[in-house]
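Structural description and commentary
Chain residues, written in single-letter form:
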Amino acid sequence: MFPDNNWYGHRYVLSNFCEVKDSPSYSNIQHGWYKNFNFKHGQRKLISAPFLCWNKRIYDSCKINSIQNVSVIGSPFLYLNFDEIKNYNILKTKSKGTIFFPAHSAPRSDLFMFKGKNPETNQRINHNIILDEIEKKFPPPYQACIYFSDYEEKNILIYKERGWETVCLGNRSNIFFLEDFVKLVTNFDFVVCSDLNTAAFYSMYLKRKVRVMFEVNNRLINSIENNFNKHNKEIFYKNYPELYDEYLDSDTGYKLAKEELGFYYKKNKSELIKLLGWDKISKKILSKFLTKLIDIKYGKLRY
């Protein structure tokens, strides 16, 4: 129903888990990780459609801010059939090397949301500084996973000129996005992110060794959102200094990811079907109708 409900294949993954046909859901599904509550995500006009968040911290923040009809279900990532994915190619070869997730720009389909303010449309990092540091601190082979809005020749060449491989997991409408992420990341021992983001926590859950590198020798890497990164470092550095200084080991990272992704709040099939509005014909019909109305104004956001 809401455009971001099936970003990165979230709704598709949940429908597979529930063993029902993938169709519009009468709900608002949190589409990514964030440390601080963002009113734009939980606050909505259609209160009867529940806001389905990832963890207890976000749930508590919603309650404090008087946002109604909120339930914790954990990240859709947790509902993947990991055993089935592993049967493809994951454990057949030993993982090695390093994959890098650079901060990304805003997709052009989001331009109208900025109300006259132009979002950053170039990859938002100082490549030379961070790539030098990665090559100094982490083993090859190297690969960069570039967001679809930045997957352009000018950005690809930066990595290719250094002998790096590049990959893109497709745009937000790729229903296999999460499966493709798992297949990709499990080929590497180390994961480096230029900000603390969803990819970092997914990688921790997959027991990769993760490093967040938004600054090198006190020089900031990203062109924007540095206050956000500094704030997150203040919070996480107390208990996880290795995440910023060296890398977080796989066992520690896995425990942290389970907390942030809401592992302990996963729902069973019947609970999830009810929360997603797939248990009643009336909600299914209403979801399809509202989807068409929302697409008139926000349809481009589905990609």
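Calculation rules
- Residues numbered from 1 in each chain as written.
- Predicted model: local features only at pLDDT ≥ 70, side-chain atom pairs only at ≥ 80, totals over all residues.
- Heavy atoms only, no water.
- Helix = DSSP H or I, 4+ residues; strand = E, 2+ residues; numbered from the N terminus.
- Buried < 20%, exposed > 50% of the residue type's maximum accessible area, 1.4 Å probe, protein only.
- Contact = heavy atoms within 4.5 Å.
- Areas by Shrake-Rupley, 256 points an atom, 1.4 Å probe, with all protein chains shown as cover.
- pLDDT = per-residue confidence, 0-100.
- Arc of directions from axis to C-beta.
- Pairing = 2+ DSSP bridges.
- Axes fitted to C-alpha atoms, helices over the stretch in contact; angles between N-to-C directions.
- Core = buried A, V, L, I, M, F, W, Y, C linked by side-chain atoms within 4.5 Å.
- Parallel < 35°, antiparallel > 145°, perpendicular 65-115°, else oblique.
- Left-handed = near helix turned anticlockwise from the far one by under 90°.
- Nonpolar A, V, L, I, M, F, W, Y, C, P; charged D, E, K, R; others polar.
- Salt bridge = Lys/Arg side-chain N within 4 Å of Asp/Glu carboxyl O.

Each helix and strand in the protein was counted, giving 13 helices and 10 strands. When the 303 residues of the protein are sorted by exposure, 53% land in the buried category. Sequence separation of at least 24 residues holds for 66% of the intrachain contacts in the protein that already meet a minimum separation of 6. In the form shown here, the protein has an accessible surface area of approximately 15,000 Å², with 50% of it arising from carbon and sulfur atoms.

Let us look at the environment of Met 204. Mapping Met 204 onto the fold places it in helix 8 (residues 198-205). Remark: the alpha-carbon pair of Met 204 and Ser 250, spanning 46 residues in sequence, is separated by 6.5 Å. Contact partners of Met 204, with chain neighbours within four places excluded, come to Val 210, Leu 243, Leu 248, Ser 250, Gly 253, Tyr 254, Leu 256 and Ala 257.

Quick look at the confidence of the model for the protein now. Do not read the fine detail of predicted coordinates wherever pLDDT is low. Of all residues in the protein, 85% have pLDDT values of 70 or greater, and the mean over the chain is 87. Scored below 50 in pLDDT, residues 111-117 makes 7 contacts in the model with residues more than four places away or belonging to other chains.

Every buried residue belonging to helix 3 (residues 56-64) is among Ile 58, Ser 61 and Cys 62, and all of these are buried. Buried residues of helix 3, viewed axially, fall in a sector of 105 degrees; they line one side. Contacts from the buried residues of helix 3 go to strand 2 (51-53) and strand 3 (70-72). Ser 66 occupies a position one or two residues after helix 3 and carries a positive phi of about 60 degrees.

Strands belonging to one sheet form pairs held by backbone hydrogen bonds; the direction of such a pair is parallel or antiparallel. Ordered by their spatial adjacency, 3 strands build an open sheet running 1-2-3, and the pairing between neighbours is parallel. Since the sheet does not close on itself, it has two edges, and those belong to strand 1 (28-29) and strand 3, each with one partner. In the sheet, strand 1 pairs with strand 2 via 2 bridges, with the strands oriented parallel. Looking at the pairing, Asn 28 lines up with Phe 51 of strand 2. Each of strand 2 and strand 3 touches helix 3; the most contacted strand, strand 3, lies at about 165 degrees to it.

The next subject is the nonpolar core. By size, the foremost hydrophobic cluster in this structure holds 55 residues, and its most contacted members are Phe 77, Phe 101, Phe 181, Leu 196, Met 204 and Leu 261. The contacts of Phe 181, once residues within four sequence positions are left out, are Phe 77, Phe 101, Leu 169, Ala 199, Tyr 202, Ser 203 and Leu 206. Membership of the second largest hydrophobic core comes to 19 residues, among which are Phe 100, Tyr 142, Trp 164 and Phe 190.

Turning our attention to the packing of helix 7 (residues 177-185) against helix 8. The interhelical angle for the contact between helix 7 and helix 8, taken along N-to-C directions, is 60 degrees, at an axis separation of 11 Å. Here helix 7 is positioned oblique relative to helix 8, judged by the angle of their axes. Here helix 7 and helix 8 pass one another in a crossing that is right-handed. When helix 7 is examined against helix 8, the residues Leu 178, Phe 181 and Val 185 are found in contact with a partner set consisting of Ala 199, Tyr 202 and Ser 203. Per-class residue counts for the contact of helix 7 with helix 8 are 5 nonpolar, 1 polar and no charged.

Here we take up the pattern of salt bridges. For side chains of opposite charge, pairing can occur when their charged atoms come near one another. Applying the stated rule across the entire model yields 10 salt bridges. Of the charged contacts, one joins Arg 162 and Glu 135 as a salt bridge, the two residues approaching to 3.1 Å between their closest N and O atoms. Remark: Glu 135 occurs in helix 5 (residues 127-137) and Arg 162 occurs in the loop between helix 6 (153-160) and strand 6 (165-167); sequence separation between them is 27 residues. For Arg 162, a relative accessible area of 27% corresponds to the partly exposed category. Taken together, the shared-partner salt bridges in this structure form one network comprising Asp 132, Glu 135 and Arg 162.

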